[in-house]
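Now for the letters of each chain:
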Amino acid sequence: MKTILIFQGGGALGAYECGAFQAIAAHIDKQRDDVMAVGGTSIGALNASIIASAYQRVKNAKEAAEALKRFCTCTGHEYYEKGNTPLTKNFV
């Protein structure tokens, strides 16, 4: 089956999307679904870019969910301490 994920914007919804994607990631892998497209607006677009980047590299939704979780739980202080750019390099 082919899967398309669309995330909406709206600040705090980004954290919800992080948890929701973790919940469905195991199902995507179990069903051997292929994630064909990931998109969103605002925070949803940022979440989608983390997922898409990780999924493209590993072809595993659970690993992509872990990358998103690292992004969602990172503080600005942690990011600047690492000193790496671009932003996704720290999480994916």
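Because the structure is a prediction, the values reported are computed rather than measured.

A closer look at unusual backbone geometry
- One non-glycine residue, Arg32, adopts positive backbone phi at about 55°.
- Within the element layout of this structure, Arg32 appears in the loop between helix H1 (13-30) and strand S2 (34-40).
- For Arg32, a relative accessible area of 75% translates into the label exposed.

With respect to the confidence of the model for the protein
- Mean pLDDT over the protein works out to 83, with 80% of the residues at or above the 70 mark.
- At the low end of the mean pLDDT range in the protein sits helix H4 (residues 76-82), at 59; at the high end sits helix H2 (residues 43-58), at 92.

Let's talk about the state of the cysteines
- Evaluated as defined, the whole model comprises zero disulfides.
- Note on Cys18: no disulfide assigned, nearest cysteine sulfur contributed by Cys72 at a separation of 3.1 Å.
- Residue Cys18 is classed as buried on the basis of its relative accessible area, which comes to 7%.
- Under the relative-accessibility criterion, Cys72 is labelled partly exposed at 32%.

A closer look at the pairing of strand S1 (residues 2-7)
- Only one face of S1 is buried: it carries Thr3, Leu5 and Phe7, and the other face, with Lys2, Ile4 and Ile6, is open.
- The pairing of S1 with S2 spans six bridges and is parallel. From the neighbouring strand, Phe7 faces S2, where its bridge partner is Gly40.
- Since S1 and S2 lie parallel, the crossover through H1 that links them has a hand, and here it is right-handed.

Focus on the packing of aromatic side chains
- Under the definition given, this model contains one aromatic pair.
- When the centroid spacing of 6.5 Å and the interplanar angle of 80° are considered together, the rings of Phe7 and Phe21 count as edge-to-face. Note that Phe7 is positioned in strand S1 and Phe21 in helix H1, a separation of 14 residues in sequence.
- Look at Phe7 and you get buried, because its relative accessible area is 10%.

Observations concerning the environment of Leu46
- As for its placement among the helices and strands, Leu46 is situated in helix H2.
- Here Leu46 falls in the partly exposed class, since its relative accessible area comes to 29%.
- Considering only alpha carbons, one finds Leu46 and Gly14, 32 residues apart in sequence, at a separation of 8.7 Å.

The rules behind the values
- Residues numbered from 1 in each chain as written.
- Predicted model: local features only at pLDDT ≥ 70, side-chain atom pairs only at ≥ 80, totals over all residues.
- Heavy atoms only, no water.
- Helix = DSSP H or I, 4+ residues; strand = E, 2+ residues; numbered from the N terminus.
- Buried < 20%, exposed > 50% of the residue type's maximum accessible area, 1.4 Å probe, protein only.
- pLDDT = per-residue confidence, 0-100.
- Disulfide = S-S within 2.5 Å.
- Pairing = 2+ DSSP bridges.
- Right-handed = clockwise from strand over helix to strand, strands pointing away.
- Phe/Tyr/Trp six-rings, centres within 6.5 Å; stacked < 30°, edge-to-face > 60°.

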